[in-house]
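Letter by letter, the chains look like this.
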Amino acid sequence: MKAVLVLNAGSSSLKFALYPINGELSAEPAFSGQVEGIGATPEITLKTASGARIQEAVRTSGSQSEQHRDALNHVFGLLTQHNPDLEIVAAGHRVVHGGDHYSAPTRLDEAVLRTLDTFVPLAPLHQPHNLRAVRAVGTLMPDVPQVGCFDTAFHRTQPAVAQAFALPRRISAEGVKRYGFHGLSYDYVARQLPDIIGERAKGAVVIAHLGNGASMCALRDGKSVASTMGFTAVEGLMMGTRTGSLDPGVMLYLMEQKAMDAKALTNLLYKESGLLGVSGISQDMRTLLASGAPEAKEAVDLFCYRIARELGSLAAAAGGLDALVFTGGIGEHAAAVREKVAELSAWLGVKIDAAANADHARRIDAADSRVAVAVVPTNEERMIARYTVETLGL
């Protein structure tokens, strides 16, 4: 079986999917799963197309880089065990930051990797681990071509004014600008919209990718014109543990009055804030929605309020609002969040059907809503597989 291996590496996890190529790319992976607990007690979960699940421990040793390599080696072994005739013809990777250099999927070599290394400060929680997986594949399967698929690439269609900060030109010239993220998700969802909302897909559309990482994107004719995330993946909406947009003066205050250094501030911005920080309970929306604690309600209310605030801003950037689309773990499964956002956005013409929303239907707008409202599951892995096949001409 010839197949494309898709990898999405995090600091302590490695998600993977194997897409067969039988004349054309399979619509569904033959196998998918993830390794969790890298750096501690890693365990692999493998799911087959038939729904069977396999779980087992992964033996790793050495540095974090070596542990990612060991985890990947275990994935290869398990996939080959279930497919003795498996031939991995390419590997596609999610790479969070492509900077100004990469506006399309790119075949990876050492020169490209060295450039991507320079973007680590822009995405410190993601980029190092994305690149570690690329190098691990290069060590374990040196003859397999690899493609980097960038979360920033989809947003390179934005006008210059949407990407600019009001900073001195000498700083902007160094690449300090708004890049935007979650582009793989937005691209996948945008391609599904013509079949779901028809001609409105060509108009002013806002997609809300809501999960542990959360952002929103305004589109015109299926192309990004503005986004909530900017220079890094911490701007915009509040998230599971990230602050979202924050007055820079707060940072100065914490530095001057609390003696917080860059490491402490990074931990605060990325790991201690968001839903977790506001609630003091959990970063998991499911836990907060099930809780009766007032702090949990405050966190959910702030999350929804920020979405509604950004929706108004993005509608201005798109020149109107023809459709609102929810995706991501929260966007796809939290009916209460969609309901609250719709209530706060009624002035824009958003009105949802309660029964359709409760059923997580594809279209949840009420019959008299001026705005189409849809729920579209995202599939970043499928998008990466497609990009990889197209880039390599497989």
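Scroll up to find the structure.
Residues numbered from 1 in each chain as written. Predicted model: local features only at pLDDT ≥ 70, side-chain atom pairs only at ≥ 80, totals over all residues. Heavy atoms only, no water.

Visitor: Explanation requested: the overall build of the protein chain in the structure shown.
Guide: When its secondary structure is counted, the protein chain shows 15 helices and 13 strands. For 394 residues, the compact-globule estimate of 2.2 N^0.38 gives 21 Å, and the C-alpha radius of gyration of the protein chain, at 21 Å, lies within 12% of that figure. Expressed along its principal axes, the backbone C-alpha trace of the protein chain runs to roughly 60 × 55 × 45 Å. A buried classification covers 53% of the 394 residues belonging to the protein chain. Counted over contacts in the protein chain with a minimum sequence separation of 6, partners at least 24 positions apart contribute 62%. (Helix = DSSP H or I, 4+ residues; strand = E, 2+ residues; numbered from the N terminus. Rg over C-alpha atoms; globule rule 2.2 N^0.38 Å. Buried < 20%, exposed > 50% of the residue type's maximum accessible area, 1.4 Å probe, protein only. Contact = heavy atoms within 4.5 Å.)

Visitor: I'm lost on the pairing of strand 2 (residues 13-20) in this one. Help?
Guide: Regular strands show a simple pattern: their side chains alternate between the two faces of the sheet. Taken across its eight residues, strand 2 has seven buried, putting it largely inside the fold. Pairing of strand 1 (residues 2-9) with strand 2 involves seven bridges; the strand directions are antiparallel. Paired with Ala9 across the bridge in strand 2 is Leu14. Connecting strand 1 to the next strand, strand 2, in antiparallel fashion are three residues. One ladder, built from six bridges, connects strand 2 with strand 3 (residues 31-36); its direction is antiparallel. When the sheet's bridge partners are listed, Lys15 is paired in strand 3 with Gln34. (Pairing = 2+ DSSP bridges.)

Visitor: Whenever I open this one, the environment of Thr232 confuses me. Can you help?
Guide: When you line up the elements, Thr232 lands in the loop between strand 11 (223-227) and helix 7 (248-257). Measuring from C-alpha to C-alpha, the distance between Thr232 and Ala123 comes to 6.1 Å, with 109 residues separating the pair along the chain. Excluding anything up to four places from it in sequence, Thr232 contacts Leu122, Phe181 and Tyr270.

Visitor: Teacher, can you tell me more about unusual backbone geometry here?
Guide: Peptide bonds are trans in most cases, and residues, glycine excluded, mostly fall at negative phi. Even without being a glycine, Asp221 presents a positive backbone phi close to 55°. Residue placement: Asp221 occurs in the loop between strand 10 (215-220) and strand 11. The backbone of His360 sits at a positive phi, close to 55°, despite the residue not being glycine. One can find His360 in the loop between helix 14 (354-358) and strand 13 (372-375). Since its relative accessible area comes to 32%, His360 is described here as partly exposed.

Visitor: Looking at this structure, I do not really get the packing of aromatic side chains. What am I missing?
Guide: Between two aromatic rings, the relevant description is the distance of the centres plus the angle of the planes. Within the structure shown, the criterion is met by two aromatic pairs. Consider the rings of Tyr102 and Phe150, whose centres lie 5.2 Å apart with planes at 15°: the pair is stacked. Residue Tyr102 is found in the loop between strand 6 (87-95) and strand 7 (106-107), and its partner Phe150 is found in strand 8 (residues 146-150); the two are separated by 48 residues along the sequence. One exposure class covers both Tyr102 and Phe150, and it is buried. Between Tyr179 and Phe231, the aromatic rings sit 6.3 Å apart at their centres with planes inclined by 35°, giving tilted as the arrangement. With Tyr179 in the loop between helix 5 (169-172) and helix 6 (183-197) and Phe231 in the loop between strand 11 and helix 7, the pair connects residues that are 52 residues apart, well separated along the chain. A relative accessible area of 3% places Tyr179 in the buried class. (Phe/Tyr/Trp six-rings, centres within 6.5 Å; stacked < 30°, edge-to-face > 60°.)

Visitor: Can you walk me through the state of the cysteines in this structure?
Guide: Among covalent bonds in proteins, the disulfide is the one between the sulfur atoms of two cysteines. Counting across every chain of the model gives zero disulfides. With no disulfide of its own, Cys217 has Cys149 as its nearest cysteine by sulfur position, at a separation of 18 Å. (Disulfide = S-S within 2.5 Å.)

Visitor: What's the story with helix 8 (residues 262-271) in this structure? I'm lost.
Guide: An α-helical turn contains 3.6 residues, so a residue and the one three or four places further along point in the same direction. Among the residues of helix 8, Leu265, Leu268, Leu269 and Tyr270 are the ones counted as buried. Packing partners of the buried residues in helix 8 comprise helix 7.

Visitor: Explain the nonpolar core to me, please; I cannot follow it from the model alone.
Guide: Nonpolar side chains tend to gather and get buried jointly when the protein is soluble and globular. The biggest cluster of nonpolar side chains holds 46 residues, and the ones touching the most others in it are Leu210, Phe303 and Val337. Taken together, the elements giving at least two residues each to this core come down to strand 9 (204-209), strand 10, strand 11, helix 10 (285-290), helix 11 (294-318), strand 12 (323-327), helix 13 (335-344) and strand 13. With ten residues, helix 11 is the single largest residue contributor to this core. If sequence neighbours within four positions are ignored, Leu210 has contacts with Ser215, Leu237, Phe303, Ile307, Phe326, Thr327, Gly328, Gly329, Ile330, Gly331 and Val337. (Core = buried A, V, L, I, M, F, W, Y, C linked by side-chain atoms within 4.5 Å.)

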